[in-house]
Amino acid sequence: MTSPRPVHMSRERYSPGPELVERARTGRPTRTDAPSGVSAWLVTRHEDVRAVLGDANRFSSAGGARREDLASSRTDAAPSGESQLIDAASFMVGQDPPEHTRLRRLLTPEFTMRRMRVLEPRVRAVVDGVLDGMEDAGAPIDLVTGFALPIPSLVICELLGVPYSDREMFQRLSSVQLQFSASQDERTEAFLGLRTYMSALVNRHRSAPGDDLIGMLIREHHEDITHDELVGIALVLLIAGHETTANTLGAGTALLLEHPEQLAAIRDDHRRVDDAVEELLRFLAPVHSGLPRTVMSDTVVGGQEMKTGDLVTLSLPMANRDTNLVTAQDDFDISRKPVPHLAFGHGIHHCVGAPLARMEIRIALPALLRRFPDLRLDLDPAEIRFRDLAAVHGVASLPVAW
């Protein structure tokens, strides 16, 4: 039985769906249902979404109404709703300071711009290898499975020290995990499978820590991080590290193929690429909302009173199309001056892997377009299938030829 789609997950191709757009029209938060079925405030304005994301004291990632989830995550049961992505008690996205601060500090050095410059040659080699595979296989292919998924999967596997031979398993389980049309039992089974897999992998790394991120955390911070915390960190980086980037690469390529003049600009002028990546992220906003927040004390957001214990769900796609942020907000335009979009969130929970994701997109998309200058959709654009009821939005498949 298909689950009803929450309003904040309403999409129409690359854009927010009409129901979500209508809800956002007044700018004030409105009542909706969180994925768990609990009533929540839906916040859509850019200014208001930033305010919620930027204030962990008023809006908790782990407080109040989510304590039952936190308790269940310490047992063999998996937490419900979007928090089921990871063990909420053991990783940063489900925590507030000071626990969050401690764990974030351990990871931040691995995602600095200096570290990205060190990783860049390897990312370029990964991209070239995937493009070689596409060329050898010949057209037509599904660009999602032939390009968009392999690149971030290979990169995050190498970064973490996860065997790439296990990619089909963790991609399948993470796909179920993030698919809201799957039953609760199916999603729980996928969650437990992922957690069991990563726990065993961490144990193997303890016997011989390598130069990868898991090995580094074990060698340098074994006294500062528990086994469950390390498993949670590795899991969320593995899942988020390939799901979000893969969906941006897939949907981004489809969008560019529907805008050939902008595609040509990215392909032929390297100076256009950085701004183009930011516009793709703003326009696509693959993550609907992230975890709901809990109001920790009576407050007002966007003129709406909220009470202690209320849940707040945020719409990142609508925030990125706020008319106070951009003009012609529904137009895809790579010549637009970059704006402070929220595709990676904001505040203390801003995506720690954002520099890596940007680098992968910045390298992979132009390389694809230059290797295959005659790349084209192998179907009518109206027939492109998009992911429905998934925590990360994108194209389900993308048949292309050249």
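Being a predicted model, the structure only gives us computed values, none of them experimental.

So, about the pattern of salt bridges. In a structure, side chains of opposite charge can pair up when their charged atoms sit close to one another. Applying the stated criterion across every chain yields a total of 20 salt bridges. The shortest N-O distance in the salt bridge between Glu279 and Arg282 comes to 2.9 Å. With Glu279 and Arg282 both in helix α13 (residues 273–284), this residue pair falls 3 residues apart, about one helical turn. Note on accessibility: Glu279 and Arg282 belong to one class, buried. With its nearest N and O atoms 3.2 Å apart, the salt bridge here joins Arg336 to Glu279. Of the two residues, Arg336 is situated in the loop between α14 (316–319) and α15 (354–371) and Glu279 in helix α13; the sequence distance between them amounts to 57 residues. The class of Glu279 is buried, set by a relative accessible area of 3%. The network of salt bridges with common partners includes Glu120, Arg124, Asp274 and Arg362.

Moving on: the nonpolar core. Counting residues in each nonpolar core, the largest one holds 92 residues, and the members touching the most others are Phe147, Val162, Met198, Leu237, Leu356 and Leu398. Ranked by residue count, the leading element in this core is helix α11 (residues 227–257), at 15 residues. Excluding anything up to four places from it in sequence, Val162 contacts Cys157, Phe170, Tyr197, Met198, Leu201 and Leu238. Val43, Val49, Phe59 and Ala319 belong to the second largest nonpolar core, which has 14 residues in total.

Each pocket or cavity is described by its volume, and for the largest pocket that value is around 380 Å³. Around the largest pocket, the lining comprises 18 residues; the ones closest to its centre are Val21, Ala24, Met318, Arg321 and Gln329. Where the lining of the largest pocket is concerned, the elements lending two or more residues are β2 (15–16) and α1 (18–24). It is α1 that provides the largest number of residues to the lining of the largest pocket, a total of 3 residues. The class makeup of the residues in the lining of the largest pocket is 5 nonpolar, 7 polar and 6 charged.

Time to look at the sheet that holds strand β10 (residues 311–314). If you trace the 5 strands from one edge of the open sheet to the other, you get β3-β4-β10-β7-β5, paired in mixed fashion. Each edge of the sheet is formed by a strand with only one pairing partner; in this case those strands are β3 (30–33) and β5 (59–60). The sheet contact formed by strand β7 (residues 293–295) and β10 spans 2 bridges and is antiparallel. When the sheet's bridge partners are listed, Thr294 is paired in β10 with Leu311. Packed on one face of the sheet, helix α2 (residues 46–53) meets β4 (39–43), β5, β7 and β10 and runs near 125° to β10.

Remark: α13 packs on α15, axes separated minimally by 10 Å, with the N-to-C direction vectors making an angle of 110°. In terms of their interaxial angle, α13 and α15 are classed as roughly perpendicular. For the element pair α13 and α15, the recorded crossing hand is right-handed. Where α13 approaches α15, its residues Val273, Asp274, Val277, Glu278, Leu280 and Leu281 are matched on the opposing element by Arg358, Ile361, Arg362, Leu365 and Pro366. Broken down by class, the residue content of the contact of α13 with α15 amounts to 7 nonpolar, no polar and 4 charged.

The next thing to look at is the packing of α11 against α13. Where α11 meets α13, the closest approach of the two axes is 11 Å, and the angle between their N-to-C directions is 100°. The orientation of α11 relative to α13 falls into the category roughly perpendicular. Of the residues in α13, those in contact with Thr248, Ala251, Gly252 and Leu255 of α11 are Leu280, Leu281, Phe283 and Leu284. Residues of the contact of α11 with α13, tallied by class, amount to 6 nonpolar, 2 polar and no charged.

Glancing now at the state of the cysteines. Scanning the model with the defined rule gives 0 disulfides in all. Of all cysteine sulfurs, the one in Cys351 lies closest to Cys157, which takes part in no disulfide; the gap is 17 Å. Among the residues examined, Cys157 registers a relative accessible area of 2% and is labelled buried. Note on Cys351: relative accessible area 31%, which makes it partly exposed.

Another point: empty space enclosed by the protein. Going through the model one piece at a time under the given rule, you end up with 5 cavities of 30 Å³ or more. Each pocket or cavity is described by its volume, and for the second largest cavity that value is around 60 Å³. Lining the second largest cavity we find Arg11, Arg13, Tyr14, Asn247, Thr248, Ala251, Leu284, Pro286, Phe386, His393 and Gly394. The dominant element in the lining of the second largest cavity, judged by the number of residues it contributes, is α11, at 3 residues. In the lining of the second largest cavity, the residues fall into 5 nonpolar, 4 polar and 2 charged.

For the rest of this paragraph, the subject is the pairing of β10. A two-sided burial pattern is seen for β10, the buried positions comprising Leu311 and Thr313 on one face and Val312 and Leu314 on the other. Where β4 lies against β10, 4 bridges are found, and the strand directions are parallel. Residue pairing in the sheet places Ala40 in a bridge with Leu311 of β10.

We now examine helix α9 (residues 184–207). Its 24 residues give α9 an end-to-end C-alpha distance of 35 Å, which sits within 8% of 34 Å, the value for a rise of 1.5 Å per residue. Taken as a whole, α9 has its buried residues at Arg187, Thr188, Ala190, Phe191, Leu194, Arg195, Tyr197, Met198, Leu201, Val202 and His205. The inward-facing, buried residues of α9 abut α7 (150–160), α8 (167–177), α10 (213–221) and α11.

Parameters and conventions
Per chain, residue numbering runs from 1 following the sequence as it is written. In view of the model being predicted, local features appear only for residues whose pLDDT reaches at least 70, and side-chain atom pairs are presented and counted only at 80 or more, with totals across whole chains, interfaces and linings using the full set of residues. Side-chain numbers here rest on the full set of heavy atoms in the structure, without hydrogens or water. Whenever Lys or Arg places a side-chain nitrogen within 4 Å of a carboxyl oxygen from Asp or Glu, that contact is recorded as a salt bridge. Strands are runs of DSSP state E lasting at least 2 residues, helices are runs of H or I lasting at least 4, and numbering of each runs from the N terminus. When accessible area is computed with a 1.4 Å probe and restricted to protein chains, residues below 20% of their type maximum are described as buried, those above 50% as exposed, and intermediate ones as partly exposed. What makes a nonpolar core is a set of buried Ala, Val, Leu, Ile, Met, Phe, Trp, Tyr and Cys residues whose side-chain atoms join them at distances within 4.5 Å. Residues count as neighbours in contact if any of their non-hydrogen atoms are within 4.5 Å of one another. Cavities and pockets are defined on a 1 Å grid built over the protein atoms alone: a cavity is a set of grid points where a 1.4 Å probe fits but cannot escape, while a pocket is an open set with protein on both sides within 12 Å along at least five of seven lines, and lining residues are those with an atom within 4 Å of any such point. Grid points are joined across faces, edges and corners, and a volume is the space filled by probe spheres set on the points. In this classification, Asp, Glu, Lys and Arg are treated as charged, Ala, Val, Leu, Ile, Met, Phe, Trp, Tyr, Cys and Pro as nonpolar, and every other residue, Gly included, as polar. Strand pairing follows a simple DSSP-based rule, namely that at least 2 bridges must link the two strands. In this description, a line fitted to the C-alpha atoms serves as the axis of each element, helices being fitted only across the stretch in contact, and the angle between N-to-C directions of two axes falls anywhere from 0 to 180 degrees. Orientation is classified from the angle alone, with under 35 degrees giving roughly parallel, over 145 giving roughly antiparallel, 65 to 115 giving roughly perpendicular, and any other angle giving oblique. Left-handed describes a crossing whose near helix is turned anticlockwise from the far helix by less than a right angle; the clockwise case is right-handed. The disulfide criterion is simple: two cysteine sulfur atoms within 2.5 Å. In this scheme, a helix's expected span is set at 1.5 Å multiplied by one less than its residue total.

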